[in-house]
Amino acid sequence: MMRERGLEVDHSTVFRWIQRYAPEINRRVRPHLKMSGTSYRADETYIKVGKTCKYLYRAVDKQGNTMEFMLSTKRHVSAAKRFFKKMMRAEHRRLPFTIGVDKNAAYPEAFSASQADMIVPKGCKLRRVKYLNNVIEQDHRFVKKKVRASQCFKSFQTAERTLEGIEAVNMMRKGQVKRLAGSDSQGQAKFVESLFGLAA
């Protein structure tokens, strides 16, 4: 994209831009997202950081719209509970009727604890049915593709900040921004510019 505009930018400059602006784009895009559905799918996927694997928790609704995401060093009850808490704080979420998960043993305990702490609604049901998570497993592909292109993250913070940018772009690409089509790349670029007051 930069080359198409006649610009030559060093990869280290692009890296610094990502680390500085990706979290800010993610934060500023949230108030403009369409409201989610009421049936969630939650899952986690591996992200390599240095020589070890970390866990990217992600949630989408039934239509595949991104609800929330969280990078964690561990894959246990405490991490799952933190993710439920973050998911329920999303500005564009509707209260869920069901949350579909895989057979990860941490989810039932984290879900029960979250209901007891009034994080997840009492009427919400946890559904541990493998095929229900096909939607989110397919959605992991876009994120994993971008992660592979960046080769390897050297630190947890670098990975976290980059993933915020990847997820924000993914939400725009899926048409989650109000009055902005997922196929309108020029409109998305102008929208990002407007978030920083750069639009003409």
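**Side note on the pairing of strand β3 (residues 66–72)**
Next, step 1: Most of β3 is tucked away, with seven of its seven residues classed as buried.
Next, step 2: Here strand β2 (residues 52–61) folds back onto β3, and the loop between the two strands holds four residues, one of which, Gly64, carries a positive phi near 90°.

**Details of the pattern of salt bridges**
Next, step 1: Under the defined criterion, the tally for this structure stands at nine salt bridges.
Next, step 2: Glu44 is paired through a salt bridge with Arg75; the nearest N and O atoms lie 2.9 Å apart. In this pair, Glu44 sits in strand β1 (residues 39–49) while Arg75 sits in the loop between β3 and α2 (77–88), placing the two residues 31 residues apart along the sequence.
Next, step 3: Through salt bridges with shared partners, a single network forms among Arg58, Asp139, Glu167 and Lys174.

**As for the packing of aromatic side chains**
Next, step 1: In the structure shown here, the tally under the stated rule is five aromatic pairs.
Next, step 2: Judged by centre distance (5.4 Å) and plane angle (55°), the ring pair of Tyr46 and Tyr55 falls under tilted.
Next, step 3: Judged by centre distance (6.1 Å) and plane angle (55°), the rings of Phe84 and Tyr107 are tilted. Pair noted here: Phe84 is in helix α2 and Tyr107 is in helix α3 (residues 106–116), with a separation of 23 residues, a long-range link. There is no split in this pair, since Phe84 and Tyr107 are both buried.
Next, step 4: Put simply, the rings of Phe84, Tyr107 and Phe111 pair up and form one aromatic cluster.
Next, step 5: Looking at Lys86, its charged tip hangs above the ring of Phe69, at a distance of 5.2 Å from the centre.
Next, step 6: Positioned over the ring face of Phe142 is Arg173, at 4.1 Å from the centre of the ring.

**Thoughts on the packing of helix α4 (residues 134–149) against helix α5 (residues 156–173)**
Next, step 1: Two elements in contact, α4 and α5, have axes whose closest approach is 10 Å; the angle formed by their N-to-C orientations is 135°. By the angle between their directions, the pair α4 and α5 is classed as oblique. The crossing of α4 and α5 is right-handed. On α5, the residues touching Asp139, Phe142, Val143, Lys146 and Val147 of α4 are Leu163, Ile166, Glu167, Val169, Asn170 and Arg173.
Next, step 2: Looking at the contact of α4 with α5 residue by residue, the classes come out as six nonpolar, one polar and four charged.

**Looking at the pairing of β2**
Next, step 1: Most of β2 is tucked away: eight of the ten residues are buried.
Next, step 2: By the bridge criterion, ten bridges tie β1 to β2 in an arrangement that is antiparallel. Looking at β2, one finds that Ile47 is bridged to Lys54.
Next, step 3: The hairpin turn running from β1 into β2, its antiparallel successor, is two residues long, and Gly50 in that turn takes a positive phi close to 65°.
Next, step 4: Looking at chain direction, β2 and β3 are connected through six bridges and run antiparallel. Bridging across to β3, Ala59 finds its partner in Glu68.

**Brief notes about α3**
Next, step 1: Regarding α3, the residues found buried are Ala106, Tyr107, Ala110, Phe111, Ser114 and Gln115. Seen from one end, α3 has its buried residues packed into an arc of 150°, which puts them on one side. α3 presents Glu109 and Ala116 as exposed residues on the side facing more than 90 degrees away from its buried surface.
Next, step 2: Looking at the buried residues of α3, the elements they touch are β1, β2, α2, β4 (98–100) and β5 (125–127).

Basis of the calculations
Residues numbered from 1 in each chain as written. Predicted model: local features only at pLDDT ≥ 70, side-chain atom pairs only at ≥ 80, totals over all residues. Heavy atoms only, no water. Buried < 20%, exposed > 50% of the residue type's maximum accessible area, 1.4 Å probe, protein only. Helix = DSSP H or I, 4+ residues; strand = E, 2+ residues; numbered from the N terminus. Pairing = 2+ DSSP bridges. Salt bridge = Lys/Arg side-chain N within 4 Å of Asp/Glu carboxyl O. Phe/Tyr/Trp six-rings, centres within 6.5 Å; stacked < 30°, edge-to-face > 60°. Lys NZ or Arg CZ within 6 Å of the ring centre and 35° of its normal. Axes fitted to C-alpha atoms, helices over the stretch in contact; angles between N-to-C directions. Parallel < 35°, antiparallel > 145°, perpendicular 65-115°, else oblique. Left-handed = near helix turned anticlockwise from the far one by under 90°. Contact = heavy atoms within 4.5 Å. Nonpolar A, V, L, I, M, F, W, Y, C, P; charged D, E, K, R; others polar. Arc of directions from axis to C-beta.

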